[in-house]
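As a plain string of letters, each chain reads:
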Amino acid sequence: MAAREKIADVLERVARRLNDAHPGQPLRGAELAEMVSAECGCPRHSVIVSDHCYNRTNDGIPSNNDPMFEHVGAERSGLYLFPGRGANYNGPQWHYPKGGVPRVVGHWIKGKFHQGEG
């Protein structure tokens, strides 16, 4: 299993435990990263929760980013809801280009991503 896949699997497991303990409450990205790092032995900086969001992306995120979170709050709040992988998610996906203006690049409709601003 590739390192990225292993981290994503541990991230999902940790998020599920936290979400089960505090249903409906936003999870802190820093806490998730710390717990994943401790559990899988990977460097903390390699756990990037925002790379696994339904509603945000940037130029460094691969198209197969395996979304499982929804970023909530202000742009840099570091807070996430956990609908999980394969969720029946609905909402826009925002692109946050480095130094640029955020824009909608697609929409999730019933768990399927549709490219474009439509």
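Summary of the structure given here.

Calculation notes
Counting of residues starts from 1 at the beginning of each chain's written sequence and follows it residue by residue. Where totals are concerned, whole chains, interfaces and linings use all residues; where local detail is concerned, this predicted model gives features only for residues with pLDDT of at least 70, and gives and counts side-chain atom pairs only at 80 or more. Just so you know, side-chain values use all the structure's heavy atoms and leave hydrogens and water out. A run of H or I in DSSP counts as a helix once it spans at least four residues, and a run of E counts as a strand once it spans at least two, with each numbered from the N terminus. Only protein chains enter the accessibility calculation, which uses a 1.4 Å probe; a residue whose area is less than 20% of its type maximum is buried, one above 50% is exposed, and one in between is partly exposed. Only heavy atoms matter for contacts: two residues are in contact if any of them lie within 4.5 Å across the pair. Polar contact is defined as a pair of N or O atoms within 3.5 Å, subject to the rule that within protein one atom must be able to donate a hydrogen and the other to accept it, and that residues adjacent in sequence are counted only when both atoms are side-chain atoms. When DSSP finds two or more bridges between a pair of strands, those strands are recorded as paired.

## Description of the environment of His 71
Then, number 1: In this structure, His 71 sits in strand S3 (residues 70-72).
Then, number 2: For His 71, a relative accessible area of 9% puts it in the buried group.
Then, number 3: Separated by 34 residues in the primary sequence, His 71 and Val 105 place their C-alpha atoms 16 Å from one another.
Then, number 4: Among all residues touching His 71, those that are not within four sequence positions of it are Cys 53, Asn 55, Arg 56, Ser 77, Gly 78, Leu 79 and Tyr 80.
Then, number 5: There is a polar contact of 2.8 Å between the side chain of His 71 and the side chain of Arg 56.
Then, number 6: In this structure the side chain of His 71 is engaged in a polar contact, spanning 3.3 Å, whose partner is the side chain of Ser 77.

## Some details on the environment of Cys 42
Then, number 1: Mapped onto the elements, Cys 42 comes out in the loop between helix H2 (29-40) and strand S2 (56-57).
Then, number 2: It is 30 Å that separates the C-alpha atoms of Cys 42 and Asn 88, two residues lying 46 residues apart in sequence.
Then, number 3: Other than its neighbours up to four places away in sequence, Cys 42 contacts Ile 7, Val 36, Ser 37 and Val 47.

## Details of the pairing of strand S5 (residues 91-95)
Then, number 1: When S2 meets S5, the two strands line up parallel, connected through 2 bridges. Bridge assignment links Thr 57 to a residue of S5, and that residue is His 95.

## Observations concerning the environment of Ser 77
Then, number 1: By the secondary structure assignment, Ser 77 is in the loop between S3 and strand S4 (79-81).
Then, number 2: Under the relative-accessibility criterion, Ser 77 is labelled partly exposed at 27%.
Then, number 3: Separated by 49 residues in the primary sequence, Ser 77 and Arg 28 have C-alpha atoms spaced 8.6 Å apart.
Then, number 4: When neighbours within four sequence positions are excluded, Ser 77 is seen to be in contact with His 71 and Val 72.
Then, number 5: A distance of 2.5 Å separates a polar atom in the side chain of Ser 77 from the backbone oxygen of Val 72.

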